[in-house]
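Given next are the chains, with one letter for each unit.
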Amino acid sequence: MTAKKVTWLELFYDLLFVAAVSKASHVLLHVEDETLSLETLGKFVLIFIPIWWAWVGQTLFVNRYGQDIVSHRIFLIIQLFFVLIMTASLSLDFDQTYYSFLIGYVGLRAMTAVQYLFVRTKENGHLRATAHYLGTRFWVGLVISACSLFFDSWVRYLVLYAGIALDILLPLLGRKILVKTPANTHHLLERFSLFALILLGESVVSILAVLQSSAWTLQSISFAALTFVLIIAMWWQYYDNLEKKVDKNVHTAGQTIIYGHLFIFLSLCMLAASIQLLFLNKLHYELMMNLIFVSVLLYFASTTMVFHVYRHKQHQLGIVHLGVLTAILVCFYILDMVVHVPNVMIMGELALFFAVYAKITT
C-alpha cells in the first residue's frame, strides 16, 4: 500500500480541535461535594463524541479521496470555520449555546457529505460506489439531528444524538461496500496517532496545573515526576507499537482503528482530568479510585484490541502477557481500595503499570 502523506492543512485542522478537546476534558473537573455525578460523566461523553465523529468524518474522506488541491483545500478551510463555531459552543449548559453548537456540528458533517457527492462524479467503480453510499446516507443522520430544532428540553437532545448515533453506525452498516475501497492504513494510523498526541498533551497540561496549584513541595514535585514517567511510558508503548509492531500494509475498512480509538481518546481525556483531581483530592477516595482505574483499564483494553488486529502475527500478545498485565492492575486496585494510600503512591503504581505495559508490548 502506497504511503499517503499527511498535509500541512490537515495538521492545522487538528490544531483547531485542540481547543475542543480541552473544553471537553475540563467538563470532568466540575466536582461538587467530592462527587463527580453520572450526569457530568454523561455530558462529557456526549460532548466528546460529536467532536470525535466530526474529526473522523473528514479524516476518512481525506484518507480515501483527499488530494492537496485547491478545491479540497477550500472545503477543508470552510470546515475550519464550523469547527470554531462548534468549539465556542461547548459548555455544560448546552441550552444556552445549543443553536450555535448545532450549526457548527451540522455544518461540519454537511460539508463532508457534500465532498463525497463532489468526488463521486470524478470516480469510477468501487470508489464511486463508496462515495455515493457515504455522500447520500450521511444526510439521513444530519436531517434527524437538524430536526432537534423543533423540540425543547430533553427531547431535543434525544433527537440530536439519535441522528449522531445513526451517522456513526452508517459506515458499519455499509461495511460490505467500504471494504471494497480499503482505507490507507498508513495514513489512517498516522492521523489517529497525531490526535492521540494532542490528548497526551492534555496530561502534560495537568502536570503544569499540579505544579501551579501549590507551593513546590517534595510531594508536588514527586507527584509531577511520577506523572511525567506515566505519560512517557504511555507514549513509549503507543508509538513504539505503531512504528515497530504494526503491519501498515493491511487492507481493511479501518473500522477497528476508527471505533477503537474512540475509547482510547475517551480514556486519555479521563486520565488527564484524573491527574488533577487526584492531586487536589477533589473527589471522594473510593470514587477517585474507580475513575482512575476505569480510565486505565479502558486505555489498556482499547489499545490492546486496536494493535492486536494490526500487529504482525509474530508480535501479537499472548494470553500470558494479557494475564500478567491484568493481574497487576487488579492487584493495585484491590490494594488501593483496602488501604487508603497517598496520591503519590497511586501515581507511582500507575507509572509502574504503564512501564511494564510498554516493556511487554514493545
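Scroll up for the structure.
Here's what I pulled together on the structure shown here. The written sequence of each chain sets the order in which its residues are numbered from 1. Given that the model is predicted, a residue must reach a pLDDT of at least 70 before its local features are reported, and side-chain atom pairs must reach 80 or more before they are shown or counted; all residues, however, enter totals for whole chains, interfaces and linings. Excluded from the side-chain calculations are hydrogens and water; all other atoms, namely the structure's heavy atoms, are used.

Looking now at the overall build of the protein. Counting its regular elements, the protein contains 13 helices and zero strands. Element order for the protein, N to C, with α for helix and β for strand: α-α-α-α-α-α-α-α-α-α-α-α-α. Computed over the C-alpha atoms, the radius of gyration of the protein is 21 Å, within 12% of the 21 Å expected from 2.2 N^0.38 for a compact globule of 362 residues. Along the longest, intermediate and shortest principal axes, the C-alpha atoms of the protein span 65 × 55 × 30 Å. Only DSSP runs of H or I reaching four residues or more are called helices, and only runs of E reaching two or more are called strands; each is numbered from the N terminus. Taken over C-alpha atoms, the radius of gyration is set against a globule rule of 2.2 Å times the number of residues to the power 0.38.

Before going further, it helps to examine the packing of helix α2 (residues 38-65) against helix α10 (residues 255-280). Interaxial angle, 0 to 180 degrees, is taken between N-to-C directions of lines fitted to C-alpha atoms, where a helix line uses only the stretch in contact. Put simply, α2 and α10 touch, their axes get as near as 11 Å, and they point 135° apart. Classified by the interaxial angle, the pair formed by α2 and α10 is oblique. Crossing of α2 over α10 shows right-handed handedness. On α10, the residues that touch Phe44, Phe48, Ile49, Trp52, Trp53, Val56 and Leu60 of α2 are Ile258, Tyr259, Leu262, Phe265, Leu266, Cys269 and Met270. Only Asp, Glu, Lys and Arg are considered charged in this grouping, and only Ala, Val, Leu, Ile, Met, Phe, Trp, Tyr, Cys and Pro are considered nonpolar; every other residue, Gly among them, is considered polar. Here the contact of α2 with α10 is composed, by residue class, of 14 nonpolar, no polar and no charged. Geometric relationships in this document are graded by angle, where less than 35 degrees denotes roughly parallel, more than 145 denotes roughly antiparallel, 65 to 115 denotes roughly perpendicular, and other angles denote oblique. Crossing handedness is defined as follows: a turn of the near helix away from the far one that is anticlockwise and smaller than a right angle gives a left-handed crossing, while the clockwise case is right-handed. By definition in these notes, contact holds between two residues if any of their heavy atoms fall within 4.5 Å.

All right, on to unusual backbone geometry then. For Ser153, which is not a glycine, the phi torsion comes out positive at approximately 50°. Whether a residue is buried, partly exposed or exposed follows from its accessible area with a 1.4 Å probe, protein chains only, as a fraction of its type maximum: under 20%, in between, or over 50%, in that order. Looking at Ser153, the relative accessible area reads 47%, which means it is partly exposed. Positive phi outside glycine occurs at Asn281, with the angle close to 55°. Here Asn281 lies in the loop between α10 and α11 (285-310).

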